[in-house]
Protein chains: 2
Amino acid sequence: MIIKGHIISAEEFGKVSIVENGYIVVIDNKIEGVYQSLPEEYQNEKITDYGDSLVFPSFSDMHLHAPQYPMLGMGYDLQLLEWLRTYTFPTEAKFKDSAFARKTAQRLAKDLIRNGTTRVAMFSSLHKEATLILMEELEKAGVCGYVGKVNMDRHGGENLEENTGESMVDTKDWLNQCNFPHVKPILTPRFIPSCTPELLTFLGEIAKKEGLPIQSHLSENTSEVDWVRSLENVDEYYQAYEKYGLWNSKTLMAHCVHSSEKEIRSMAENGVYVVHCPASNNNLISGCAHIRDFLNAGVKVVLGSDIAAGEFISMFDNVKETIKTSKNREIMDNWETPFLSVEEAFYLATSAANEFFSEGPGFAKGNSFHAIVLQDGDLLSPKELTVKERFERMFYIRQRHAIKAVYSDSRLVFVD
Amino acid sequence: MIIKGHIISAEEFGKVSIVENGYIVVIDNKIEGVYQSLPEEYQNEKITDYGDSLVFPSFSDMHLHAPQYPMLGMGYDLQLLEWLRTYTFPTEAKFKDSAFARKTAQRLAKDLIRNGTTRVAMFSSLHKEATLILMEELEKAGVCGYVGKVNMDRHGGENLEENTGESMVDTKDWLNQCNFPHVKPILTPRFIPSCTPELLTFLGEIAKKEGLPIQSHLSENTSEVDWVRSLENVDEYYQAYEKYGLWNSKTLMAHCVHSSEKEIRSMAENGVYVVHCPASNNNLISGCAHIRDFLNAGVKVVLGSDIAAGEFISMFDNVKETIKTSKNREIMDNWETPFLSVEEAFYLATSAANEFFSEGPGFAKGNSFHAIVLQDGDLLSPKELTVKERFERMFYIRQRHAIKAVYSDSRLVFVD
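Only a predicted model underlies this, so the values are computations on that prediction, with no experimental measurement involved.

A.B. asks: If you had to explain unusual backbone geometry to someone new, which residues and values would you point to?
C.D. replies: Residue and element names in this part refer to chain A. With an omega of 10°, the peptide bond running from Ile 307 to Ala 308 counts as cis. Summarising the element assignment, Ala 308 is placed in the loop between β14 (300–303) and α11 (315–332). With phi around 50°, Asn 21 is a residue other than glycine that occupies positive phi space. Within the secondary structure, Asn 21 sits in strand β2 (residues 15–27). Under the relative-accessibility criterion, Asn 21 is labelled partly exposed at 38%.

A.B. asks: Quick rundown of the sheet that holds strand β1 (residues 2–12) of chain A? Include the residues and the values.
C.D. replies: Residue and element names in this part refer to chain A. The mixed open sheet is built from 7 strands, whose spatial order is β3-β2-β1-β4-β15-β16-β17. The sheet is open, and its two edges are formed by β3 (30–35) and β17 (411–415), each paired on a single side. Looking at each pair of strands side by side, their axes are set apart by 40° on average, direction ignored. Summarising the sheet, strand β4 (residues 47–57) and strand β15 (residues 371–374) pair through 4 bridges and their orientation is antiparallel.

A.B. asks: Which residues make up the interface of chain A and chain B, and what values do they have?
C.D. replies: Facing 52 residues of chain A, the contacting portion of chain B comprises 52 residues. Across the chain A-chain B interface, the total number found is 6 salt bridges. Lys324(A) serves as the salt-bridge partner of Glu311(B), at 3.2 Å between the closest nitrogen and oxygen. Here chain A and chain B share 25 residue pairs in polar contact (both at pLDDT 80 or more) between them. Mapped onto the side of chain A that touches chain B, the elements with two or more residues apiece are α1 (80–93), α2 (98–114), α9 (278–283), α11, α12 (342–349) and α14 (387–393) of chain A. Split by residue class, the side of chain A that touches chain B holds 23 nonpolar, 13 polar and 16 charged.

A.B. asks: Account for the side chain of Thr325(A), naming residues and giving values.
C.D. replies: Residue and element names in this part refer to chain A. Among the secondary structure elements, Thr 325 is positioned in helix α11. Exposure remark for Thr 325: the relative accessible area of 11% places this residue in the buried category. Discounting residues that sit within four places of it in the chain, Thr 325 has contacts with His 276, Pro 278 and Cys 288.

A.B. asks: Let's hear about the pattern of salt bridges: which residues, and what values?
C.D. replies: The final tally for this structure, using the stated rule, is 50 salt bridges over all chains. Between Asp376(B) and Arg390(B) there is a salt bridge; the shortest N-O distance is 3.0 Å. Highlighted residues: Asp376(B) in the loop between β15 (371–374) and α14 (387–393) and Arg390(B) in helix α14, separated in sequence by 14 residues. Residue Asp376(B) is classed as buried on the basis of its relative accessible area, which comes to 15%. Where Glu392(B) meets Lys388(B), a salt bridge forms, and the shortest distance between an N and an O atom there is 3.7 Å. One end of the pair is Glu392(B) and the other is Lys388(B), both in helix α14 and 4 residues apart, which spans about a single turn. It is possible to trace a salt-bridge network through shared partners that takes in Arg102(A), Glu136(A), Glu137(A) and Lys140(A).

A.B. asks: Break down the relation of the copies chain A and chain B for me, with residues and values.
C.D. replies: Note on the copies: chain A fits chain B at an RMSD of 0.0 Å, the axial shift is 0.0 Å, and the rotation between them is 180°. The relationship between the two copies is best expressed as a two-fold rotation axis. When C-alpha positions in chain A are compared against the rotation axis, the closest is assigned to Met332(A), at 3.2 Å. A high fraction, 100%, of the interface residues of chain A reappear at the interface in chain B, so the copies pair face to face through one surface.

A.B. asks: How would you explain the layout of surface pockets if you had to name every residue and give the values?
C.D. replies: Empty space among the atoms becomes apparent when a probe as large as a water molecule is rolled across them. In this structure, the second largest pocket spans a volume of roughly 280 Å³. Looking at the lining of the second largest pocket, the element that brings in the most residues is α14(A), giving 3 residues.

Scoring rules and cut-offs
- Residues numbered from 1 in each chain as written.
- Chains lettered and ligands numbered in written order.
- Predicted model: local features only at pLDDT ≥ 70, side-chain atom pairs only at ≥ 80, totals over all residues.
- Heavy atoms only, no water.
- Helix = DSSP H or I, 4+ residues; strand = E, 2+ residues; numbered from the N terminus.
- Buried < 20%, exposed > 50% of the residue type's maximum accessible area, 1.4 Å probe, protein only.
- Pairing = 2+ DSSP bridges.
- Axes fitted to C-alpha atoms, helices over the stretch in contact; angles between N-to-C directions.
- Contact = heavy atoms within 4.5 Å.
- Salt bridge = Lys/Arg side-chain N within 4 Å of Asp/Glu carboxyl O.
- Polar contact = N/O pair within 3.5 Å; in protein donor to acceptor, adjacent residues only side chain to side chain.
- Nonpolar A, V, L, I, M, F, W, Y, C, P; charged D, E, K, R; others polar.
- Least-squares fit on C-alpha atoms with pLDDT ≥ 70 in both.
- 1 Å grid on protein atoms, 1.4 Å probe; cavity = no way out; pocket = protein on both sides within 12 Å on 5 of 7 lines; lining within 4 Å.
- Points joined across faces, edges and corners; volume = space filled by probe spheres on them.

Next up, the structure:
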């Protein structure tokens, strides 16, 4: 497969490389290379020519809650713990109904793809059936990545709590039934207050035995941080994950708004990922994350929509929100902490997540091919724009039907 | 004219009134009333029934720059004064070309209407012809409100500066040629650094003589504030407007991010409006305005998109951005300044601006009829939503083609 267009990708943090009127060659579902002139050996192959369109890696949304999708955009006048009790837990409880679960999964999968998100790390609910349905529908629509059945055997809502034994059995059953080529399981203790020490111990043991990745929440809200300290008798929130073996280089921790210096250092040392969720942190007034500090400390940072605490399914919007939030951080820090540039935020939404999927940055040789083709010719312009200017602008405004095509693992999964 | 639907409006700050399956009666282009049951005298009149749709006042965008529309979404890695020199002034200079001016005006007018903005206070460029073209195109599309030819006789960009005499003559000519039923002139010194004392004196005199409203910028950026203090030898930025007679109850001042307590007090005493521009204040890292403080001090606050420093033409987005910014303010103030609720921000985007147009809040009796009809049946929901919940949600997510109809001064100006 050969794709022609203006090829844009972030090979290192803070820089984008642009090959105008360039070619991407994909052989046996792996990227062979990006070229300014097509090498002679491919001259007779069929070329898909996207003309003046931009071609760049599709997005990875590394934290979102599928069963919250029906309540997207609701309840943002509440803070985290109140929001969970009032809106979220009752909505998630409905996923014991498999028909409702399927309808939601189909819509979510479709909306992800049409917005150019082709890889995810996603929370399901605690329901085993609903989780398998979700994985099946993502697979069908062409979404790749990880999905986790949530574990929660304490402090749930009405109709939204497992007993410990049930949670263990269901988790094992679910793992045994996961058999999807592109959608893999990830262990998902909801967060420390939702899981008893017994359940956390069990999850830590499977993580080790099966080599499974882990996702959860960390230091999102000051009340939550205090609660965890007293529940688990730890100085730092992260130590509660660490003591159960849920703290390693395959661990995604969402939010990290109130992480201490010690927590940041431990994340760097253990290779734990921060999943930055700027829209959610603002909507629930959790705080304004110190992303530049994490980056300076060598912590790996990726982005999450955190649907439904964040309202943006489009990662274009979440990239923009990352920039905007970093500008607020700069203002809060008396204009002393530089904001994240478009190039930097784009890296977090694409290349940074590639590492979690064991791939190189951008369109690296050997990567699976995930891409968006975007057109912007319908926008007004004050002058002839460079490809770089068009790239920067696309996070702020896009024409209607801007996304012309989406590729996921070399498959054309969306055309407009 | 009788409209049926779920009627929503903000009659006082922080509250919305909802009449489910209610009626709005408009007689001779003025609102007669909102009714739960249609009064007998209208029983035989034709009813436009919008069924389960929401019907609420359309928006007023009280600060935007028409000639910046072609560069929407560009250059947000720069701060105000650099952004002006690099991107904005060169773009505005192109408006000496009347064909370019007309094309831009047509597109802007169309986009405002299709997004439900029916009233504006708008900056043109310094060009007399382009300003008249803009007013003509707004009038044609159904946009009402005020447009100002910009005055700037110092510190402009290349090809974007008038000499003082020219500026005065062109302003008088322009005022004489303004003859549009719905689009009226407003005096528009760009900001203090752009206008010599002689020109400011001239503008203050016309404002008084002709009773014309005034719009400008105030205390947007710390460097700008320092510059004005030294240029005009004043303690406070606002005193530069005050001394030239440009500071009264028909004055709109955009931004006010760095207003001192004294400036806030003077705004309250003189009835000067703050036009809050949250997207712009963030994009150019100007700061985070203290809107709750202005409101507590009794200052009138309205909203502006500040296109193109702000990227949102839709006032739905600017309402949301107002809420989000107030949440950042709350975080910055250690969770001590309450954020603006959806109801509060909605009031600022609708009823608060009505006062500037000499009308009552919401759908008050005697007001001209400006409204949006919105449908949301295509969104997923976790349960049957109340009209109030649907109203709150519409600022965060909307279905494609959500706006079904827009009315401006009783004219149906958009249908989808």
